[in-house]
Amino acid sequence: MTTAADGSYRARLLGLLGERNALESLDASGNRVEAVVRRLGEGGLSRSYGPGKWTGKQVIAHLADAEMGAGFRIRQILSQDHHTIQPWDEGAWARRYDAVDVEAALGAFLALRRWNLLLLRRLDESDLAREVVHPERGPETLGTVVRLLAGHDLNHLAQLEQL
């Protein structure tokens with residue numbers, strides 16, 4: 001299983017974003033997630049994108065959780081010098097995704113995304129250059145954390161679009 005600590009996973013997420021502007025991608029991804037949810041509906045979101053993989057509902061729940069976690073991380077990085085990120089086990093969190101309320105998860109994701117983008121759009125280069133340590137990935141900047149979040153969206157959007 002690929003984990004967030006896996007260097008190839010990190011490279012893949014950054015590769016999905018490529019040279020695109022991370023904030024523009026994050027903004028567009030929020031809209032794309034909502035459009036895919038509306039298009040697929042209950043039936044489509046109840047399907048898995050592959051054998052042993054999450055259902056669409058579980059992906060939406062994960063995106064909401066990831067947005068909450070990323071928003072907390074971003075604020076910790078901005079408010080504490082020499083911050084060490086606390087990793088989370090997405091598989092352990094996902095064990096609670098057996099009965100997902102899609103509207104609640106989507107609403108949370110979209111509201112948190114808007115809130116996080118309001119903050120991110122006000123940051124300058126010195127903010128984005130703030131260094132943080134991820135216990136599994138090592139040192140990185142806030143700018144990298146934001147780019148990883150944008151790539152993370154693209155990764156899960158591809159899964160949803162397979163449904």
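Anything mentioned here points back to the structure above.
This text gives an overview of the structure that appears in the document. Note on numbering: residues in each chain are counted from 1, in written sequence order. Predicted model: local features are reported for residues with pLDDT of at least 70 only, side-chain atom pairs are reported and counted for 80 or more only, and whole-chain, interface and lining totals are derived from all residues. Note that water and hydrogens are dropped before the side-chain values are worked out from all heavy atoms of the structure.

**Focus: the overall build of the protein chain**
Secondary structure summary: the protein chain contains seven helices and three strands in total. Secondary structure elements follow DSSP: runs of H or I no shorter than four residues count as helices, runs of E no shorter than two count as strands, and numbering proceeds from the N terminus. Starting at the N terminus and ending at the C terminus, the protein chain contains elements arranged as α-α-α-β-α-α-α-β-β-α. Taken over the C-alpha trace, the protein chain has a radius of gyration of 15 Å; the compact-globule value for 163 residues is 15 Å, and the two agree within 12%. Seen along its three principal axes, the alpha-carbon backbone of the protein chain occupies a region of about 45 × 30 × 25 Å. Throughout this description, buried means an accessible area under 20% of the type-specific maximum (1.4 Å probe, protein chains only), exposed means over 50%, and partly exposed covers the range between. Looking at the protein chain residue by residue over its 163 residues, the buried ones come to 45%. Contacts are assigned to residue pairs with any non-hydrogen atoms lying within 4.5 Å of each other. For the protein chain, the share of sequence-separated contacts (at least 6 apart) that also reach a separation of at least 24 residues comes to 76%. Only the protein chains shown count as cover for residues, and all accessible areas are computed by the Shrake-Rupley method using a 1.4 Å probe. Of the roughly 8600 Å² of accessible surface on the protein chain, a fraction of 52% belongs to carbon and sulfur atoms. Note on charges: Lys and Arg go in the positive column, Asp and Glu in the negative column, and His and the chain ends are not counted at all. Think of each charge as sitting on NZ of Lys, CZ of Arg, CG of Asp or CD of Glu. Averaging the coordinates of the 20 positive side-chain charges in the protein chain and doing the same for the 22 negative ones gives two points 4 Å apart. Throughout, the radius of gyration refers to the C-alpha atoms, and the reference size of a globule is 2.2 Å times the residue count to the power 0.38.

**Some points on the side chain of Lys57**
When you line up the elements, Lys57 lands in helix H3 (residues 56-79). Within polar-contact distance, the side chain of Lys57 engages the side chain of Glu42 at 2.3 Å. Residues in contact with Lys57, not counting those within four places in the same chain, are Glu42, Leu45, Ser46, Val100 and Val102. Nitrogen and oxygen atoms within 3.5 Å of one another constitute a polar contact, given that in protein one can donate a hydrogen and the other can accept it, and given that sequence-neighbouring residues count only through two side-chain atoms.

**Structural notes on the packing of H3 against helix H5 (residues 102-120)**
Running from N to C, H3 and H5 point in directions that differ by 25°, and their axes come no closer than 8 Å. In terms of axis orientation, H3 runs roughly parallel to H5. Relative to H5, the crossing made by H3 is left-handed. Across from Lys57, Ile60, Ala61, Leu63, Ala64, Glu67, Met68, Gly71, Ile74, Arg75 and Leu78 in H3, the residues of H5 making contact are Val102, Ala105, Leu106, Ala108, Phe109, Leu112, Arg113, Trp115, Asn116, Leu119 and Leu120. For this scheme, ten residues count as nonpolar: Ala, Val, Leu, Ile, Met, Phe, Trp, Tyr, Cys and Pro. Four count as charged, namely Asp, Glu, Lys and Arg, and the remainder, Gly too, count as polar. Per-class residue counts for the contact of H3 with H5 are 16 nonpolar, two polar and four charged. The axes are straight lines fitted to the C-alpha atoms, using for helices just the contacting stretch, and the angles between their N-to-C directions are given from 0 to 180°. Angles below 35 degrees are treated as roughly parallel, those above 145 as roughly antiparallel, those between 65 and 115 as roughly perpendicular, and all remaining angles as oblique. Here a crossing is called left-handed whenever its near helix is offset anticlockwise from the far helix by less than a right angle, and right-handed whenever the offset is clockwise.

**Side note on H5**
Here H5 is 19 residues long and its end C-alpha atoms lie 26 Å apart, about the 27 Å a rise of 1.5 Å per residue gives. Those residues of H5 that fall on the buried side of the exposure criterion are Val102, Ala105, Leu106, Phe109, Leu110, Arg113, Asn116, Leu117, Leu119 and Leu120. Looking at the buried positions of H5, the neighbouring elements they touch are helix H2 (22-45), H3 and helix H7 (142-162). The distance from a side-chain oxygen at the start of H5 to the backbone nitrogen of Glu103 is 3.1 Å, and the residue carrying that oxygen is Asp101. Multiplying 1.5 Å by the helix residue count minus one yields the expected span of that helix.

**Quick notes on H7**
With 21 residues, H7 should cover 30 Å at 1.5 Å per step; its first-to-last C-alpha distance of 31 Å lies within 8% of that length. Among the 21 residues of H7, 17 are classified as buried, and the element is accordingly described as predominantly covered.

**A few points about the sheet that holds strand E2 (residues 131-134)**
Between any two strands, at least two bridges found by DSSP are needed for them to pair. The strand order across the open sheet formed by three strands is E1-E2-E3, and the pairing between neighbours is mixed. What marks the edges here is a single partner per strand, and that holds for strand E1 (83-84) and strand E3 (138-141). Bridge analysis of E2 against E3 gives four bridges, and the strand direction is antiparallel. Looking at the pairing, His134 lines up with Gly138 of E3. H7 contacts E2 and E3 of the sheet and is inclined by roughly 85° relative to E3.

**Describing the packing of aromatic side chains**
Pairing of aromatic side chains requires ring centres within 6.5 Å, counting the rings of Phe and Tyr and the six-membered ring of Trp. Pairs whose planes differ by under 30 degrees are stacked, by over 60 edge-to-face, and all others tilted. Applying the stated criterion to the full structure yields two aromatic pairs. Centre to centre, the rings of Trp54 and Tyr97 are 6.1 Å apart; their planes meet at 75°, and the pair counts as edge-to-face. Here Trp54 is found in the loop between H2 and H3, whereas its partner Tyr97 is found in the loop between helix H4 (90-94) and H5, with 43 residues between them in sequence. Note on Tyr97: relative accessible area 7%, which makes it buried.

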